[in-house]
Amino acid sequence: MIVNFTLNGRPVSRDLPPQKRLIDVLREDFLLTGAKESCGEGECGACTILLDDKAVHSCLVLAGQLEGHRVTTIEGLAENGELDIIQNAFIEHVAIQCGFCTPGMIMSTKGLLLQNPDPTEEEIRIALSGNICRCSGYVQILAAVQDAAKQLREVAKA
Amino acid sequence: MTFLQPNTLPELAQCLGEMSAPDCHLIAGCTDFLAKRNNTAWDARLLISLVNLPELQDIHLDNNVLSIGAACTHSQVEEHLLVRQYFPALAAACGNVGSKQVRNRGTVGGSVGNASPAGDIYPVLLVLGAQGVVLNSKESVRRLPMEELVSPQGKLTLAEDEAITAFELPLPGPDNCNAFVKLGEQAHVTIAKITLAVSLTLREGKTEQVRLALGAVARRAFLARSAAALEGQPLSRDLLPAFFAALSAEIEASIPNRPSMPYKRQAVKGLADDLLAALMDQAQAK
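Residues numbered from 1 in each chain as written. Chains lettered and ligands numbered in written order. Predicted model: local features only at pLDDT ≥ 70, side-chain atom pairs only at ≥ 80, totals over all residues. Heavy atoms only, no water.

J.: Whenever I open this one, the interface of chain A and chain B confuses me. Can you help?
T.: By convention, interface size is frequently given as the accessible area that disappears when the constituent parts associate. On the side of chain B, 27 residues touch chain A, which itself brings 32 residues to the contact. Across the chain A/chain B interface, buried area totals approximately 2300 Å², and carbon plus sulfur atoms make up 53% of it. Between chain A and chain B we count zero salt bridges in total. The interface formed by chain A and chain B contains 14 residue pairs in polar contact (both at pLDDT 80 or more). Secondary structure elements with two or more residues in the side of chain A that touches chain B: strand 3 (48-51), strand 4 (54-57), helix 3 (102-115) and helix 4 (121-127) of chain A. Of all the elements, strand 4 of chain A adds the most residues to the side of chain A that touches chain B, at four residues. Classifying every residue of the side of chain A that touches chain B gives twelve nonpolar, 14 polar and six charged. (Contact = heavy atoms within 4.5 Å. Buried area = accessible area lost by both parts, 1.4 Å probe. Salt bridge = Lys/Arg side-chain N within 4 Å of Asp/Glu carboxyl O. Polar contact = N/O pair within 3.5 Å; in protein donor to acceptor, adjacent residues only side chain to side chain. Helix = DSSP H or I, 4+ residues; strand = E, 2+ residues; numbered from the N terminus. Nonpolar A, V, L, I, M, F, W, Y, C, P; charged D, E, K, R; others polar.)

J.: Is there a simple way to explain the packing of aromatic side chains in this structure?
T.: Under the defined criterion, the tally for this structure stands at three aromatic pairs over all chains. Ring geometry for Phe5(A) versus Phe30(A): centroids 6.1 Å apart, planes at 85°, classification edge-to-face. Of this pair, Phe5(A) sits in strand 1 (residues 2-7) while Phe30(A) sits in the loop between helix 1 (22-29) and strand 3, and the two are 25 residues apart along the sequence. Relative to Trp42(B), the ring of Phe33(B) lies with its centre 5.5 Å away and its plane at 90°, an arrangement referred to as edge-to-face. Sitting above the plane of the Phe33(B) ring, Arg37(B) keeps its charged end 3.8 Å from the centroid. (Phe/Tyr/Trp six-rings, centres within 6.5 Å; stacked < 30°, edge-to-face > 60°. Lys NZ or Arg CZ within 6 Å of the ring centre and 35° of its normal.)

Below is the structure:
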């Protein structure tokens, strides 16, 4: 079926099998390999993307359900090749070890900060509790999110 | 495979006319549907997707009844001001389902429709006296109390050409308190081992009309007789010993041969304490 949706700010129209999963559409049809598949059952959070600005698992969305909706992937954060504030904060705080969970962590962070620009530590922990880091760098990830939130608030004020 | 995505209720009714088992499914957030199927090769004859149907994603108040569309996500329900004001039990249950990603996509209708014994939404709707609004392929609508929507064996009772379109919750009076607590392996992103939902009225400092549900014990959450331990009393932590004893005995009687019974009959003590604490917080705020 022809599916029309917005991908990283651009309208797209593709002939897709309706039961194909969004993670596979992104990786195979659009060659956007930032979102990773690990568990394939909505447990690990590695495939997290934004659907209409909300963090969701791209392994649990079907292509047919995308009609008229907006998808943002990690690739959509780096406008014109420049990393955004959250991505830079993760680098500065060394909140990345193997990097496999990172795109999902960052998209969950993006979803949180779009909705709540000044989250408490508890709110950050809850928002990221569906993203599992095998290397166990949660302390640095928390610091990166707090710093990114602060920087984004300063940008919003300016 | 046929994939249908109705945009209006009449279109949904027409789609429901195509439903004939096996391999026909109503889908929405797919947080259960695909979690079960991913990692295996799967196919279906018909999928009817409910995520582009605004009438199913609406929450509105009409004549002192709050109507919550079946395809509302857990996040949407948790954040809704009227839900938070009148139904803290439902806000609490929706706010602690799975992870943020699951709450942003999974729907309340899906939670009830899948009828997992450990589903967090059903016991809350049960104590709040909610009704399920059910549409069929001929566009006729019927309303079912929660007890009739899911059988005691834990199966949805609807015909194959029917779908839940909404839940209707009568607004409680100003003296009502309602709460939900859950015990899982961890605080977040966890499947319930036991849940308790309660709705009661406080009159002159004493409890009345206590409706209590015990979830993740039997195949379906049920209205618990242990409600009697909370009836006609001032709300206080002093109720804990009798409440715990009643719950413990009820769990033993419900699942005498289940390996998890010795654990659950003991673990319910902490949950009973959490429930009393939540109720007392609400009563104080009134």
